Amino acid sequence: MPSYYKLGDAIEGERVVCQFRKPGKVKLISATHAHRAQEIALNHAYCVITKPLRSKRT
């Protein structure tokens, strides 16, 4: 499994599990339409996708 270390590297999954030393402050951000989402910065974090995104069937 690859690990990403460079600025701007990202992972995306339906479920992502993180291990970290110190959480930052939780911020409320806008998401799609009128929905809200939360954003948090994790310091010294290691994240693993435990459930990949499902592709949409058209």
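Cut-offs and rules
- Position numbers for residues count from 1 along each chain, tracking the sequence in the order it is written.
- Two thresholds apply to this predicted model, a pLDDT of at least 70 for residue-level local features and 80 or more for giving and counting side-chain atom pairs, whereas whole-chain, interface and lining totals are computed over all residues.
- Side-chain measures were taken over the full set of non-hydrogen atoms in the model, leaving aside hydrogen atoms and water.
- A run of DSSP states H or I qualifies as a helix once it reaches four residues; a run of E qualifies as a strand once it reaches two. Both are numbered from the N-terminal end.
- Note on definitions: a residue-residue contact is assigned when non-hydrogen atoms from the two residues lie within 4.5 Å.
- pLDDT expresses how confident the predictor is about each individual residue, on a scale running from 0 to 100.
- A 1.4 Å probe that fits into a set of points on a 1 Å grid over the protein atoms alone but cannot get out defines a cavity; an open set with protein on both sides within 12 Å along at least five of seven lines defines a pocket, and lining residues are those with an atom within 4 Å of a point.
- Grid points are joined across faces, edges and corners, and a volume is the space filled by probe spheres set on the points.
- Note that Gly is not counted as nonpolar here; it falls among the polar residues with everything else outside the nonpolar set of Ala, Val, Leu, Ile, Met, Phe, Trp, Tyr, Cys and Pro and the charged set of Asp, Glu, Lys and Arg.

> In this structure, what is going on with the environment of glycine 24? I would like to understand it.
Inspection of the secondary structure puts glycine 24 in the loop between strand 2 (22-23) and strand 3 (27-30). In the structure, glycine 24 is positioned 15 residues away from glutamate 39 in sequence and 9.4 Å away in space, judged by C-alpha atoms. Other than its neighbours up to four places away in sequence, glycine 24 contacts Ile40 and Ala41.

> Help me understand the confidence of the model for the protein chain in this model?
Atomic detail in the predicted coordinates should be set aside for any region of low pLDDT. Per-residue pLDDT for the protein chain averages 85, and the proportion of residues at 70 or more is 95%. Strand 4 (residues 36-39) is the least confidently modelled element of the protein chain, averaging 87 in pLDDT, while strand 1 (residues 15-19) averages 89, the highest of any element.

> Would you take a moment to explain unusual backbone geometry for this structure?
Keep in mind that most residues, glycine aside, have a negative phi and that most peptide bonds are trans. A positive phi angle, near 55 degrees, is found at histidine 44, a position not held by glycine. In this fold, histidine 44 is placed in the loop between strand 5 (42-43) and strand 6 (46-51).

> What is the right way to look at the layout of surface pockets in this model?
Empty space left among the atoms is revealed by rolling a probe the size of a water molecule over them. Size it by volume and the largest pocket reaches roughly 600 Å³. The wall of the largest pocket is formed by 21 residues, among which Tyr4, Ile11, Tyr46, Cys47 and Val48 lie closest to the centre. Among the elements of the structure, strand 1 and strand 6 are those that each provide at least two residues to the lining of the largest pocket. The element contributing the most residues to the lining of the largest pocket is strand 6, with four residues. Grouping the amino acids of the lining of the largest pocket by side-chain chemistry returns 16 nonpolar, two polar and three charged.

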